[in-house]
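# Remarks on the overall topology
Each chain, letter by letter, is given below.
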Amino acid sequence: VSSEGSQRTADRRIEIHAVKSPFTAPKAAIYTESDDFQFNGTQFLVSGKDWDPATGDTLVGSSEVDGIQTTGNPGTIAGALNPMQENNVEGDGPEPSILSAPFDYDLQAMIDQYAPFADDVHPGGTIATGSIPDWGGYDDYRIVHVTNDLHISGNVVGGGLLLLQGDLTVSGSFTWYGMVINVGEITFTGGG
């Protein structure tokens, strides 16, 4: 925005740059407004460490974030873990890395803010081998908006910002490089 004015022999010009900043991302691998978790088996990892997607190694010297932050009761989530699962939720602080969230984020407002910029709008349903969409990857970020419940039973890879307005069920292999914002429930079954 610029404005110019003059009075007699004096001229003035004022310029102002106004920028709408993006939302503040939670500093955790998982942010949840629920404490209703169920963990089965030991073949899962919730990690607040910084991982190199190309090598699968943690980046030495990078800062860690919490494994899980919740607006619910962190003790309830930790209580859902058995002793063999506690080290599967790692991040800043002692394991399991489960803490109270410092903010109560408006997840629907985040979805509403970025949905108009979606590179791909998907109606939901089941994604199986043979019908896998191109949702980018770790070096190809996109905004993907899924407008209903989604079941992934194939090998799906994507990257960027995934906006989910329904429940997510994963029974296949699902890798997402970036942020997932979901207002529904998330269920991983089988080897997902």
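Figured I'd write up the structure that's included with this text. Within every chain, residues take consecutive numbers counted from 1 along the sequence as written. For this predicted model, a pLDDT threshold of at least 70 governs which residues receive local features, and a threshold of 80 or more governs which side-chain atom pairs are given and counted, while totals over whole chains, interfaces and linings are taken from all residues. Remark: hydrogens and water are excluded; side-chain values derive from all non-hydrogen atoms of the structure.

### Examining the overall build of the chain
Where we set the bar: Strands are runs of DSSP state E lasting at least 2 residues, helices are runs of H or I lasting at least 4, and numbering of each runs from the N terminus. What the globule rule says is 2.2 Å times the number of residues to the power 0.38, and the radius of gyration is computed from C-alpha atoms. When accessible area is computed with a 1.4 Å probe and restricted to protein chains, residues below 20% of their type maximum are described as buried, those above 50% as exposed, and intermediate ones as partly exposed. Contact criterion: two residues are considered in contact whenever any of their non-hydrogen atoms come within 4.5 Å of each other. Here the open area of atoms and residues is found with the Shrake-Rupley method and a 1.4 Å probe, where only the protein chains shown may cover a residue. Residues scored as charged are limited to Lys and Arg (positive) and Asp and Glu (negative), so that His and the chain ends carry no count. Here the site of a charge means NZ on Lys, CZ on Arg, CG on Asp, or CD on Glu.
A tally of helices and strands in the chain yields two helices and 15 strands. At 21 Å, the chain has a C-alpha radius of gyration far larger than the 16 Å of a compact globule built from 192 residues. C-alpha extents for the chain along the principal axes are approximately 80 × 40 × 35 Å. For the chain, the proportion of its 192 residues judged to be buried stands at 32%. When contacts within the chain are restricted to residue pairs at least 6 apart in sequence, those whose partners lie at least 24 apart make up 49%. Taken as a whole, the chain presents about 11700 Å² of accessible surface, with 49% of it coming from carbon and sulfur. Of the charged side chains in the chain, 7 are positive and 26 negative, and the gap between their average positions amounts to 22 Å.

### Overview of a negative patch on the surface
The cut-off we apply is this: Candidate patch residues must exceed 30% relative accessible area and have no salt bridge, after which like charges are joined if within 9 Å and Val, Leu, Ile, Met, Phe, Trp or Tyr side chains if within 5 Å. Think of a salt bridge as a Lys or Arg side-chain nitrogen and an Asp or Glu carboxyl oxygen that are within 4 Å of each other.
A grouping of Glu33, Asp104, Asp106 and Asp112 is seen on the molecular surface, where their side chains present a negatively charged patch. Within the element layout of this structure, aspartate 104 appears in the loop between β7 (98-100) and α2 (107-114).

### Looking at α2
Selection rule: Comment: arc refers to directions from the helix axis out to C-beta atoms.
Among all positions in α2, only Leu107, Met110, Ile111 and Tyr114 are buried. Burial along α2 is one-sided: seen end-on, the buried residues are contained in an arc of 100°. On its buried side, α2 packs onto β3 (28-32), β10 (142-146), β12 (155-164) and β14 (173-182).

### Describing the pairing of β12
Spelled out, the test is: We treat two strands as partners when DSSP finds at least two bridges between them.
In terms of burial, β12 is largely enclosed, as eight of its ten residues are buried. Looking at chain direction, β10 and β12 are connected through five bridges and run parallel. Bridge pairing in β12 places valine 144 opposite leucine 162. As judged from the ten bridges shared by β12 and β14, these two strands associate in the parallel manner. Within β14, the residue paired with leucine 164 across the bridge is asparagine 182.

### Here's the deal with the environment of threonine 42
Mapped onto the fold, threonine 42 is located in the loop between β3 and β4 (46-47). Spatially, the C-alpha atoms of threonine 42 and glutamine 85 are 5.7 Å apart, while their sequence positions differ by 43 residues. Discounting chain neighbours no more than four positions away, the residues touching threonine 42 are Met84, Gln85 and Asn88.

### Some points on the side chain of threonine 70
Defined as follows: Polar contacts, as used here, are pairs of N or O atoms within 3.5 Å; protein pairs need one atom able to donate a hydrogen and one able to accept it. Residues neighboring in sequence count only if both atoms are side-chain atoms.
Relative to the assigned elements, threonine 70 resides in strand β5 (residues 66-70). Among the polar contacts listed, one links the side chain of threonine 70 to the backbone oxygen of serine 34, at a separation of 3.1 Å.

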